[in-house]
Amino acid sequence: MRTETAAGAHDMDAYDFTRHISDPVGRTLVDSQPPVIRQSTEADVPAMLEIYGYHIQHGLGPFDIEPLHPEELKRRRKAMLKRRLPHLVADLDGAIAGYAYAAPFRKRPAYRYTVEHSIYVHRDFQGRGIGRGLLSALVDACTAAGCRQMVAVVDSANTPSLRLHEACGFNQAGVLRSVGFKFGRWTDSVFLQRALGPADGALPDDHRGGTVLAGD
Ligand SMILES: CC(C)(COP(=O)(O)OP(=O)(O)OC[C@H]1O[C@@H](n2cnc3c(N)ncnc32)[C@H](O)[C@@H]1OP(=O)(O)O)[C@@H](O)C(=O)NCCC(=O)NCCS
């Protein structure tokens, strides 16, 4: 199994994502060729943009409502890498089947050990274990980066995402009613949370490499 990394120093550069491929919580990931889960590179941006653009138009996942400009996605990706947070793709022999990344939960520094993440799987590869493989790899990468809590914000009608998160150890923490407006309707957002590593069982070490940097 190949493991590849993005250019530049990164806490997850040496991280082995391959164990999420063969048995991500007890199911076969894909039928034949398993994907490589690796750090994204700038060359992956068009593929990620295509995946995201489709879901903006057709799904409940994204909270953007207009297609992103490639430069905006490049900027977002670089911002996550600058904060030493994982930005992963599932690479199926050169085809990007999905991507997932973590971002600071809130910008204020007291939240620096908590991340919020996003995950998108290409429409042609949904329901084949890609999302589970990406999310479990992201959980491990965030843990390795020193994060202590991981938060997902999911549309209450997005059953596949709610089930995926629950299957990966997330618990529902609350619902914000009618905070979004998409496809002509008000939308509720479900907060899901998962503790990472020692979580709140140990004090953080602000001097250790790999902690989440505060937002600007
Ligand atoms: C949600 C999403 C990431 C799931 O990825 P996926 O690769 O299709 O999911 P997987 O095949 O890995 O399935 C993993 C688990 O998720 C749940 N799940 C996936 N698709 C589901 C569906 N259509 N209905 C119910 N549960 C589903 C199941 O628990 C499944 O485990 P199981 O197959 O053992 O029952 C993907 O469907 C997607 O990209 N959706 C559009 C974008 C989006 O909504 N992103 C999330 C934003 S919060």
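Everything below is about the structure shown above.
Residues numbered from 1 in each chain as written. Predicted model: local features only at pLDDT ≥ 70, side-chain atom pairs only at ≥ 80, totals over all residues.

J.: Could you clarify how one ought to interpret the overall build of the chain in this entry?
T.: Scanning the chain from terminus to terminus reveals 5 helices and 7 strands. Starting at the N terminus, the α and β elements of the chain follow one another as α-β-α-α-β-β-β-α-β-α-β-β. The proportion of buried residues among the 216 residues of the chain is 35%. (Helix = DSSP H or I, 4+ residues; strand = E, 2+ residues; numbered from the N terminus. Buried ≥ 20, exposed ≤ 12 C-beta atoms within 10 Å, placed from the backbone.)

J.: Could you clarify how one ought to interpret the site of the ligand in this entry?
T.: The environment of the ligand is made up of 24 residues, and the closest members are Gly61, Gly131, Arg132, Pro160 and Leu164. Of all the secondary structure elements, the ones that give two or more residues to the shell around the ligand are strand S4 (114-121), helix H4 (130-144), strand S5 (149-155) and helix H5 (159-167). For the shell around the ligand, the leading source of residues is H5, giving 6 residues. Partitioning the shell around the ligand into residue classes produces 10 nonpolar, 10 polar and 4 charged. (Near = placed C-beta within 6 Å. Nonpolar A, V, L, I, M, F, W, Y, C, P; charged D, E, K, R; others polar.)

J.: In this structure, what is going on with unusual backbone geometry? I would like to understand it.
T.: With the exception of glycine, most residues fall at negative phi, and the peptide bonds are largely trans. At Arg84, a position not held by glycine, the phi torsion is positive, near 65 degrees. With respect to the element layout, Arg84 can be found in the loop between helix H3 (70-82) and strand S2 (87-92). Given 17 C-beta atoms within a 10 Å radius, Arg84 is considered partly exposed. Its identity is not glycine, yet Asp93 carries a phi of approximately 55 degrees, on the positive side. Locating Asp93 in the fold gives a position in the loop between S2 and strand S3 (95-104). With 10 C-beta atoms counted inside 10 Å, the residue Asp93 sits in the exposed group.

J.: Before we go on, may I ask you to explain H5 in this structure?
T.: Helical geometry note: an α-helix holds 3.6 residues per turn, so side chains three or four residues apart project in the same direction. Taken together, the buried positions of H5 are Ser161, Leu164 and His165. Buried residues in H5, looked at end-on, bunch into an arc of 95 degrees, giving them a common side. Along H5, exposed side chains directed more than 90 degrees from the buried face belong to Thr159 and Arg163. If you follow the buried residues of H5, they end up packed against H4, S5 and strand S7 (185-195). (Arc of directions from axis to C-beta. Contact = placed C-beta atoms within 7 Å.)

J.: Any chance you could explain the sheet that holds S3 here in plain terms?
T.: Taken in spatial order, the 7 strands make up an open sheet running S1-S2-S3-S4-S5-S7-S6, and their pairing is mixed. Looking at strand neighbours, the two that pair on one side only are strand S1 (36-39) and strand S6 (171-182), the edges of this open sheet. On average, each strand axis in the sheet is tilted by 25 degrees relative to the strand beside it, whichever way the strands run. Here S5 pairs with S7 via 7 bridges, running antiparallel. Counted as the bridge partner of Val153 is Phe191 from S7. (Pairing = 2+ DSSP bridges. Axes fitted to C-alpha atoms, helices over the stretch in contact; angles between N-to-C directions.)

J.: Whenever I open this one, the pairing of S4 confuses me. Can you help?
T.: Residues in a regular strand point their side chains to alternate faces of the sheet. Of the pairings in the sheet, the one linking S3 to S4 comprises 7 bridges and is antiparallel in character. Looking at S4, one finds that Gly98 is bridged to Val121. Bridge count between S4 and S5: 3 bridges; the pairing is parallel. Following the sheet pairing, Glu116 is matched in S5 by Val151. Note that the unit made of S4, H4 and S5 has a crossover that is right-handed. (Right-handed = clockwise from strand over helix to strand, strands pointing away.)

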